[in-house]
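Chain residues, written in single-letter form:
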Amino acid sequence: MTKLDDIVVGVVALSGGELVGRIRLQKIVYLLEQKGLKSDAKFTYHHYGPYSEAIADAVTDAKFWDTLEETTEFRKLDGAPFSIFRSHRPMSDFQQLGELSQEGARNLLARLNSESSTALELAATIHWLTQVEKLADWQQELERRKPGKANFGRLEKAITLLKELELPPSSS
Amino acid sequence: MAHFKRIRDPVHDLIIFDLENRDSEVDKAAWQLINVPEFQRLRRVKQLGVSEFTFPGATHTRFAHSIGVFHVARKLMTIAKNQCSDWNPNKARVALIAALLHDIGHGPFSHAFEIAEIDRLKDRPGLYKDHEHWTAEIIASERHGVRQVLKEIFGANGAIADDVASLLTTDPTDIYAAVVSSSFDADRLDYLQRDRLMTGSGAGAIDFEWLLDNLRVVQVPSVVEEGESAVAIDRSESPTEKIETFAFEEKALQAVEAFILARYHLYSQVYLHHATRGMEQMISKFLLEFANESARGVVANLAVHEDHPLRTYYAEEPNIRRYLDLDDAVVWSAIEITAERGNGSLKDQAKRIRDRKLMKSVAIDIQNPTALDKARRRFIDTKLLPKMENSIFVDRAPLSIYKDAQRENVKPHKRVYIRRKHDEPVDVARLSKPVQALAAGEEILRYYFLDESVRNSVLKVTGERDDETR
């Protein structure tokens, strides 16, 4: 088990032992990273926003070493596949999550898990566009990369989330 | 008077370009685009890179593939046109040209070259460009042939080139773009058939005509939340957000399953073949070392002349002029010259590649590991890799046929939809057990060893005798 394997399992364990969705997992680690997680994961931009190959590998490895379970399920309405991650390790195994305290990590995870995966995707993407790509007109670029996704109040939710997390651009 | 140009193709037989008909300006443009130097370069870039080391017949090029994609795209566009009431010929034109040019930015030995580039430029943010970025740049360039042709035929200073580049770098939302990128796009329909034919693989057959006959244009949600509980969110928040794409009639379900399984078989048996992947690792390592040496400029200790195109490309920051000088032949010449007249590690590597001295590997079953898999992996990761990172190569790759390459989730426009009577289109996974099984995804993990004795130590890590190793 590497440090990143352990962080991935810790994110699931401190989310109550279950977490739904690979997009959700990736964006949560990205946002936690901005809050001082120090996972060492390198992120690049892909279809759903900031993405780390190392996190995807860590999921595979945690499953390989039997510390994480993943099942694939399909939505009854339209058959869309999604992953459910489960960890059976107790929260007490994670007094720290990276450089975050357990209490700090749990509070952040509770907030992040209350959002839809699309809101997390938008929040992580906005942070990426403004802080990594340093785009002044990030709204236009967001609409170009994710046409229609920011509609129906999702953009506002993402901005509110960033503000509550005290992350830019809302915090600046 | 009718004026046709014809190309014979091993997959599609006769591909005809109508150069006189007033409604066939796309054919005219395509014929001229095929003849610009940037497109002709694709004659010298093999479609499957080093797969010919494993499948000797797989020497087909991105040139033939690209023309095949254009041919299939025309067929798909005709189907789409017959089903759409508000047809937009301008968008159709952009998509057909995009289909022809979609691979124009591929470098030599595509995968191996890109891996070396990522490593070479990892500490220089913003410099790395994947083949899609190169494609867009080549198409939009004022100084290169594509835009010039488009300018001559369509006017407006070649503005259509920007539309083509944009279509190839953004997610599709309409049926025109779906012809170029969707679960059933022209690229996939050509390479599945072409790669199967040229490798000689018996796996991966598709029922092409039946699938085409059952193809329909549908609208599906563009935003799909993860999880069962998110259905309510989808319905409340996105009542009108839709993208146009292809779906199949339910009676084609078995053919659709075979189409998805065909990709699975080709990926597992051809694209991710252990010999091919091992050779790619060797070429990436060679290119990276060659690049690092080239960066030293005129004092670089290289056997090739300082004007060799591979050397000049690596001596500068990535730029379109030098990039377009690269092809498989350029890399092979660097390998051959280095093998004959080079020295040190680069010469050894070049000789090994040229003479097909493959590295042997140890595969770890990462989905269903045995105790032996775990013991071997632990031994390699903790005992060997820390001190031998230059002679052991790790190959990890997703075999995710129904998940995107990033292993996050299948993109809405890449999902395969089935149109049911009196119902919304549904994901094929809802109706098909085989596709459900594939949705979980698989991965491969292999370790390649330059030194055979090190590999043997791994095979015997738990005390196996020679006849017990696998």
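Residues numbered from 1 in each chain as written. Chains lettered and ligands numbered in written order. Predicted model: local features only at pLDDT ≥ 70, side-chain atom pairs only at ≥ 80, totals over all residues.

(A) Examining the overall build of chain B more closely. Along the backbone of chain B there are 21 helices and nine strands. Rg of the C-alpha trace for chain B: 24 Å, near the compact-globule value of 23 Å for 470 residues, within the 12% margin. Considering only contacts within chain B whose residues lie at least 6 apart along the sequence, 70% involve residues at least 24 apart. (Helix = DSSP H or I, 4+ residues; strand = E, 2+ residues; numbered from the N terminus. Rg over C-alpha atoms; globule rule 2.2 N^0.38 Å. Contact = placed C-beta atoms within 7 Å.)

(B) How the structure looks around the overall build of chain A. If you tally the helices and strands in chain A, you get seven helices and seven strands. The secondary structure elements of chain A, listed N-terminal to C-terminal, are α-β-α-β-β-α-β-β-β-β-α-α-α-α. For 172 residues, the compact-globule estimate of 2.2 N^0.38 gives 16 Å, and chain A sits close to it at 16 Å. Each principal axis of the C-alpha atoms in chain A carries an extent, and together these give about 45 × 40 × 25 Å. Counting across all 172 residues of chain A, residues that qualify as buried make up 52%. Considering only contacts within chain A whose residues lie at least 6 apart along the sequence, 67% involve residues at least 24 apart. (Buried ≥ 20, exposed ≤ 12 C-beta atoms within 10 Å, placed from the backbone.)

(C) Just the UniProt feature "domain: HD" (unreviewed entry) in chain B, in detail. Mapped onto this numbering, the UniProt entry gives "domain: HD" (unreviewed entry) at residues 62-192 of chain B. In residues 62-192 of chain B, the share of helix is 69% and the share of strand is 0%. The end C-alpha atoms are 13 Å apart. (UniProt positions renumbered as here; feature names shortened; annotations may be inferred.)

(D) Molecular detail of helix α18 (residues 344-354) of chain B. All names here are of chain B. Within α18 the residues assigned to the buried category are Leu 346, Gln 349, Ala 350 and Ile 353. In a view along the axis of α18, the buried residues occupy a sector of 100 degrees, so they form one face of it. Turning to α18, the residues buried within the fold contact α14 (274-294) and α17 (328-341). Two residues or fewer after α18 comes Arg 356, characterised by a positive phi angle close to 55 degrees. (Arc of directions from axis to C-beta.)

(E) Molecular detail of the sheet that holds strand β1 (residues 18-20) of chain A. All names here are of chain A. If you trace the three strands from one edge of the open sheet to the other, you get β1-β5-β4, paired in antiparallel fashion. Each end of this open sheet is capped by a strand with a single partner; those strands are β1 and β4 (69-74). Pairwise comparison of adjacent strand axes, ignoring direction, gives a mean angle of 25 degrees for this sheet. As defined by bridge partners, β1 adjoins strand β5 (residues 81-86) across three bridges and the pair is classed as antiparallel. (Pairing = 2+ DSSP bridges. Axes fitted to C-alpha atoms, helices over the stretch in contact; angles between N-to-C directions.)

(F) Just the interface of chain B and chain A, in detail. Taken residue by residue, the interface counts 35 residues in chain B and 35 residues in chain A. Looking at the side of chain B that touches chain A, the element that brings in the most residues is helix α12 (residues 231-237) of chain B, giving three residues. Residue composition of the side of chain B that touches chain A, by class: 13 nonpolar, eight polar and 14 charged. (Nonpolar A, V, L, I, M, F, W, Y, C, P; charged D, E, K, R; others polar.)

(G) Quick peek at the confidence of the model for chain B. Of all residues in chain B, 94% have pLDDT values of 70 or greater, and the mean over the chain is 91. Scoring the predicted complex yields pTM 0.91 and, for the interface, ipTM 0.87. (pLDDT = per-residue confidence, 0-100.)

(H) Up close: the packing of helix α2 (residues 22-34) of chain A against helix α5 (residues 117-131) of chain A. All names here are of chain A. For the pair α2 and α5, interaxial distance at closest approach is 9 Å and the crossing angle is 40 degrees. On the basis of their axis angle, the class for α2 and α5 is oblique. Read as a crossing pair, α2 and α5 show a hand that is left-handed. Side by side, α2 and α5 meet where Ile 23, Arg 24, Lys 27, Ile 28, Tyr 30, Leu 31 and Gln 34 of the first sit next to Ser 117, Leu 120, Glu 121, Ala 123, Ala 124 and His 127 of the second. (Parallel < 35°, antiparallel > 145°, perpendicular 65-115°, else oblique. Left-handed = near helix turned anticlockwise from the far one by under 90°.)

(I) Up close: unusual backbone geometry. Cis geometry is adopted by the peptide bond preceding A:Pro169, which originates at A:Pro168 and carries an omega value of 10 degrees. On the secondary structure map, A:Pro169 appears in the segment after α7 (154-164). For B:Ala156, which is not a glycine, the phi torsion comes out positive at approximately 55 degrees. Here B:Ala156 lies in the loop between α7 (145-154) and α8 (159-169).

(J) Seen up close, the domain arrangement of chain A. Residue and element names in this part refer to chain A. When the domains of chain A are assigned, the result is domain 1 (1-103) and domain 2 (115-172). On a C-alpha basis, the centres of domain 1 and domain 2 stand 21 Å from each other. Facing 13 residues of domain 1, the contacting portion of domain 2 comprises ten residues. For the side of domain 1 that touches domain 2, the elements supplying multiple residues, two or more each, are α2 and β3 (49-51). Per-element tally for the side of domain 1 that touches domain 2: the top contributor is α2, with seven residues. When the residues that make up the side of domain 1 that touches domain 2 are grouped by side-chain class, the tally is seven nonpolar, three polar and three charged. (Domains from an automatic or database assignment.)

(K) The arrangement of the nonpolar core in detail. All names here are of chain B. Ala 73, Ala 95, Leu 96, Ala 98, Ala 99, Val 164 and Val 179 are the most contacted members of the largest nonpolar core, which has 77 residues in total. No other element matches the nine residues that helix α4 (residues 89-101) contributes to this core. Setting aside anything within four residues of it in sequence, one finds Val 179 in contact with Ala 73, Leu 76, Met 77, Ala 80, Ala 95, Ala 99, Asp 185 and Ala 186. (Core = buried A, V, L, I, M, F, W, Y, C linked by C-beta atoms within 7 Å.)

(L) The arrangement of the sheet that holds strand β4 (residues 242-249) of chain B in detail. Residues and elements named next belong to chain B. Across the sheet, which stays open at both edges, the four strands sit in the order β3-β4-β7-β8 with mixed pairing between neighbours. At either margin of the open sheet sits one strand with a lone partner, and together these are β3 (215-221) and β8 (426-427). Taken together, the two bridges between strand β7 (residues 417-419) and β8 define a ladder with antiparallel strand orientation. In the strand pairing of β8, Tyr 417 is matched with Asp 427.

(M) Seen up close, helix α1 (residues 25-34) of chain B. Residues and elements named next belong to chain B. For α1, the complete set of buried residues consists of Val 26, Asp 27, Ala 29, Ala 30, Leu 33 and Ile 34. Burial along α1 is one-sided: seen end-on, the buried residues are contained in an arc of 160 degrees. Looking at the buried residues of α1, the elements they touch are β2 (13-18), α2 (37-40), α3 (62-83), α4 and α7.

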